[in-house]
Structures are given as C-alpha cells and as structure tokens.
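Chain by chain, the residues run as shown.
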Amino acid sequence: MTPPQAGESGCDLMKRLAEDLKASIHGSETHAAGIRARITELEAQADPDQGQISALKQALDVLLKKIGEERASLSELEVVISENC
C-alpha cells in the first residue's frame, strides 16, 4: 500500500489509490491483450509449440484473476470514496 504523502487527507489518499488501481488495471489489460495476440499467433503456426501456448494460457489466467481482483478492489474503494468524500 502506498503511504500517505505529506499533508494528504484520507480522501485524497483513497482517490490517489483509486487512480493507481485504474492505471494498474489498464496496464494489465494491455499485457493480457499482448498475451492473447501471442497465443493466437502461435496457434496459427503449422506446428505450434503446445508447451509455450499452455504456459501463456496459464499466465493469462493468472493475469485475468489479478485484473478481476483489482476491479473488485477499485469498486469497493469507489463506494467508500462516494460515501465519505
């Protein structure tokens, strides 16, 4: 967790954390799109490397789970912000 900056209120901290989560989600979604594209590229090959495809699919699953968790955290944080700030 990011510590509060000097003079930062609780609301400001939560808003900054929400923005950080949004940026992280966006970066993860971009990364996931790259993994999907690589999987598609590998699967289109005449003799695809199934081990690499499997590893990429596992990495994608982990990343999608992280994105889901971050979206849930963001949603909860936005509720707290809307109720208290």
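Refer to the structure presented above.
Parameters at a glance
- Residues numbered from 1 in each chain as written.
- Predicted model: local features only at pLDDT ≥ 70, side-chain atom pairs only at ≥ 80, totals over all residues.
- Heavy atoms only, no water.
- Salt bridge = Lys/Arg side-chain N within 4 Å of Asp/Glu carboxyl O.
- Helix = DSSP H or I, 4+ residues; strand = E, 2+ residues; numbered from the N terminus.
- Axes fitted to C-alpha atoms, helices over the stretch in contact; angles between N-to-C directions.
- Parallel < 35°, antiparallel > 145°, perpendicular 65-115°, else oblique.
- Left-handed = near helix turned anticlockwise from the far one by under 90°.

**Observations concerning the pattern of salt bridges**
Across all of its chains, the model carries six salt bridges by this definition. Between R71 and E29 there is a salt bridge; the shortest N-O distance is 2.1 Å. Here R71, found in helix α2 (residues 50-84), pairs with E29, found in helix α1 (residues 10-43); they are 42 residues apart in sequence, far enough to count as distant. Residue E70 is joined to K66 by a salt bridge in which the shortest nitrogen-to-oxygen separation is 3.6 Å. Here the residue E70 and the residue K66 both occupy positions in helix α2, the gap between them amounting to four residues, near one helical turn. Residues joined by salt bridges that share partners form a network here, namely E19, K22 and E78.

**Re the packing of α1 against α2**
Helix-helix packing is characterised by the crossing angle of the two axes and by the distance between the axes. Following both chains from N to C, one finds α1 and α2 inclined at 160°, their axes separated by 9 Å at the closest point. With respect to their mutual orientation, α1 and α2 come out roughly antiparallel. α2 is crossed by α1, and the crossing has left-handed handedness.

All we've got here are geometric facts, nothing functional implied.
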